[in-house]
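# Inside the fold
Residue strings, one per chain:
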Amino acid sequence: MILWRAFLLALLAIVLAGGSLATKAHAAGEDDVFGGTTSPDADGFEVQGSRHDNSGSTPASNSGGSSGPLTQEMRAPRCESNRTRQDQTPICPDNDPLEILCIDGTPAQLPIWVRTQNADGTWTDWSIYRDYSCPQDAALLAAINREWTELQPQPSDINLQPNTGWVIATVPTIAMAGDEPRLHQATLLGADVEILATASDYRWEWGDGSHTATSDPGQPYPNATLTHTYPHASDRATVALTTTWTGEYRVNGGPWVVFGSTISSQSTPVDLVIYDPRSRLVNCDLDGNCRLAANG
């Protein structure tokens, strides 16, 4: 009797252990089928959902079943000739794949093509599900635009003729602005970025209540193109200049791209004394500092 009880207890332990192993095997099976389910009454399992393996040119398929018809996806380029053999595979029959680069110069991710199996077993044509894409472009472009809007280019120099600190009323004063482009270099999100700022417009404040807006930086005598004539004498007139800059950028030595906005800079003002054109004796030192001579 004792031996019989021991046999029954051993048999029960084996049954319980087998059930535990079966449960563990079942759990492992659930992990391996990507959310699929198994049935204790069947030897197989059914996958619910689609498999998305788009890393290569080999089509990836889902299982169909309760989730819908069987579909296939693959990555392949568009064609320069805009012709594809959609009834077979999305390849370029003229061997002219379209190459798209991201703004950092790296190749864009290829388009994703998809087709679906019909009820009679035939397939639909391949069609574009997602076109070329550059996941990093948005962040890099935002960083470049921020770099541009916060850029402070070296202001244009104010050059006047005569360059004595004083001018004569009713006689044109020649004005010129430095117009050399400004190159700015930065490393943004690991990319080498060059920004080129070019002076495009100038606003001159002459210090007598008038101003001039122009795109002309001016030329020196005798080919002057930008002048201002003060109408009367003044102890002080402050000349100020605001320069507007357009810009373009390139990444990793790629093509230049134009910014859609402008920036500006303020030049160091220049103070002038405006003398009237009447003849007067003046005393001047060797540095060109002059004052009216005493009467007598």
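See above for the structure.
Let me sum up the structure you'll find in this document. Computed from a predicted structure; not experimentally measured.

Glancing now at the packing of aromatic side chains. Scanning the entire structure with this criterion turns up 4 aromatic pairs. Between Trp148 and Phe259, the ring centres sit 4.7 Å apart and the planes meet at 5°, which makes this aromatic pair stacked. Placement of the pair is Trp148 in helix 2 (residues 137-149) and Phe259 in the loop between strand 15 (257-258) and strand 16 (263-266), with a sequence separation of 111 residues. Each member of the pair, Trp148 together with Phe259, is buried. Centre to centre, the rings of Tyr249 and Phe259 are 5.0 Å apart; their planes meet at 45°, and the pair counts as tilted. Linking Tyr249 in strand 14 (residues 234-251) with Phe259 in the loop between strand 15 and strand 16, this pair joins segments that are 10 residues apart in sequence. Considered together, Tyr249 and Phe259 belong to a single accessibility category, that of buried residues. Of the aromatic side chains, those joined through ring pairs into one cluster are Trp148, Tyr249 and Phe259.

The next subject is the state of the cysteines. Applying the stated rule across the entire model yields 2 disulfides. Cys79 shares a disulfide with Cys92; S-S distance 2.1 Å. As the torsion about the S-S bond is roughly -100°, the Cys79-Cys92 disulfide counts as left-handed. Placement of the pair is Cys79 in the loop between strand 4 (71-75) and strand 5 (112-116) and Cys92 in the loop between strand 4 and strand 5, with a sequence separation of 13 residues. Among the residues examined, Cys79 registers a relative accessible area of 7% and is labelled buried. For Cys92, a relative accessible area of 14% translates into the label buried. Each sulfur in the disulfide pair Cys102 and Cys134 lies 2.1 Å from the other. Handedness of the Cys102-Cys134 disulfide follows from its S-S torsion of about -90°: it is left-handed. You can see Cys102 sitting in the loop between strand 4 and strand 5 and its partner Cys134 sitting in the loop between strand 6 (127-130) and helix 2, a full 32 residues away along the chain. On the accessibility criterion, Cys102 (12% relative accessible area) is buried.

About the thresholds
- Residues numbered from 1 in each chain as written.
- Predicted model: local features only at pLDDT ≥ 70, side-chain atom pairs only at ≥ 80, totals over all residues.
- Heavy atoms only, no water.
- Phe/Tyr/Trp six-rings, centres within 6.5 Å; stacked < 30°, edge-to-face > 60°.
- Helix = DSSP H or I, 4+ residues; strand = E, 2+ residues; numbered from the N terminus.
- Buried < 20%, exposed > 50% of the residue type's maximum accessible area, 1.4 Å probe, protein only.
- Disulfide = S-S within 2.5 Å.

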